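Coordinate inspection notes
The residues making up each chain are set out below.
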Amino acid sequence: MSQKNNDFLKRAYRPLELLLILSVIVVFTVVLVEVVSRYIFHQSIAWGAEVCQTLLVWMTFIGAAVALVGGEHMEINVAMDRTRSPMIKKILLLLGNLAILLFLACGIAGGVRLVQRTWSMTTTTLQIPAGILYMAFPIGCLLMMIVILRNIVQLFGREG
């Protein structure tokens, strides 16, 4: 059952991976065009830096969620490696996941407040709401929270 849930979540997050790939291509293209424009035509693209900045921020937080689904975040397993008891390991995993869940809940709450405060402001060149840039953090936290909740459910589904 846990493998089925894991596969479902990986499939559900697959469009995010494709969005990340597309974002990398767009950032690469905009930077390349900006460099060519600046050094050959001696003119820069006014909106280029802002587009790249916004995409890089979104890529960071969406990418963090995608990496979490795949178990690709760094782990420090000193306590886990020294613990023989499956029950203590389960408790340590639960405590770690609950700590991450608390951080993500605080990130969502603070991020939403920041988005609300900056939504009426506009960016310099694109003239879009500044809150769009900051919205990446609470959305990324929400996407990571889904993964952590799945991890907690799987933890209780394990035998031992």
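Residues numbered from 1 in each chain as written. Predicted model: local features only at pLDDT ≥ 70, side-chain atom pairs only at ≥ 80, totals over all residues. Heavy atoms only, no water.

Pairs can form between side chains of opposite charge whenever their charged atoms are close. Applying the stated criterion across every chain yields a total of 2 salt bridges. Here R14 makes a salt bridge to E17, at a shortest N to O gap of 2.7 Å. Separated by 3 residues within a single helix, R14 and E17 lie in helix 1 (residues 2-40), roughly one turn from each other. Among the ionic pairs, R38 bridges to E34, the shortest N-O distance being 2.7 Å. Separated by 4 residues within a single helix, R38 and E34 lie in helix 1, roughly one turn from each other. For R38, a relative accessible area of 42% puts it in the partly exposed group. On the basis of relative accessible area, E34 is assigned to the buried category, the value being 13%. (Salt bridge = Lys/Arg side-chain N within 4 Å of Asp/Glu carboxyl O. Helix = DSSP H or I, 4+ residues; strand = E, 2+ residues; numbered from the N terminus. Buried < 20%, exposed > 50% of the residue type's maximum accessible area, 1.4 Å probe, protein only.)

On to a nonpolar patch on the surface. On the surface, a nonpolar cluster with roughly 840 Å² of combined accessible area is contributed by F28, V31, L32, V35, V36, Y39, I40 and F41. With respect to the helices, strands and loops of the structure, I40 is situated in helix 1. (Patch = residues over 30% accessible without salt bridge, like charges linked within 9 Å, V, L, I, M, F, W, Y side chains within 5 Å. Areas by Shrake-Rupley, 256 points an atom, 1.4 Å probe, with all protein chains shown as cover.)

So, on to the packing of helix 2 (residues 48-69) against helix 6 (residues 136-157). Packing of helix 2 against helix 6 brings their axes to within 8 Å, and their N-to-C directions diverge by 0°. Relative to helix 6, the element helix 2 is oriented roughly parallel. Every residue of helix 6 that contacts helix 2 at V57, W58, F61, I62, A64, A65, L68 and V69 is listed here: A136, F137, I139, G140, L143, M144, V147, I148 and R150. The residue makeup of the contact of helix 2 with helix 6, split by class, is 15 nonpolar, 1 polar and 1 charged. (Axes fitted to C-alpha atoms, helices over the stretch in contact; angles between N-to-C directions. Parallel < 35°, antiparallel > 145°, perpendicular 65-115°, else oblique. Contact = heavy atoms within 4.5 Å. Nonpolar A, V, L, I, M, F, W, Y, C, P; charged D, E, K, R; others polar.)

So, about the packing of aromatic side chains. In this structure the tally under the stated criterion is 1 aromatic pair. On the numbers, 5.2 Å between centres and 70° between planes, the contact of F61 with F137 is edge-to-face. With F61 in helix 2 and F137 in helix 6, the pair connects residues that are 76 residues apart, well separated along the chain. The class of F61 is partly exposed, set by a relative accessible area of 22%. (Phe/Tyr/Trp six-rings, centres within 6.5 Å; stacked < 30°, edge-to-face > 60°.)

Time to look at the state of the cysteines. Summed over the entire model, instances satisfying the criterion amount to 0 disulfides. Unpaired in terms of disulfides, C141 finds its nearest cysteine sulfur in C106, a separation of 9.5 Å. (Disulfide = S-S within 2.5 Å.)

Our focus in this paragraph is helix 4 (residues 86-118). Under the 1.5 Å per step criterion, the end-to-end length of helix 4 is 47 Å for 33 residues, consistent within 8% with the ideal 48 Å. Among the residues of helix 4, K90, N97, L101, L104, G107, I108, G111, V115 and T118 are the ones counted as buried. Residues of helix 4 that are buried sit in contact with helix 5 (131-134) and helix 6. (Expected span 1.5 Å × (residues − 1).)

Time to look at the environment of A136. Mapping A136 onto the fold places it in helix 6. In the structure, A136 is positioned 21 residues away from G157 in sequence and 32 Å away in space, judged by C-alpha atoms. With near-sequence residues (within four places) excluded, A136 lies in contact with V57, W58 and F61.

To continue, consider unusual backbone geometry. Negative phi is the rule for most residues except glycine; trans is the rule for most peptide bonds. The residue H42 is not glycine, and still its phi comes out positive at about 60°. As for its position among the elements, H42 is in the loop between helix 1 and helix 2.

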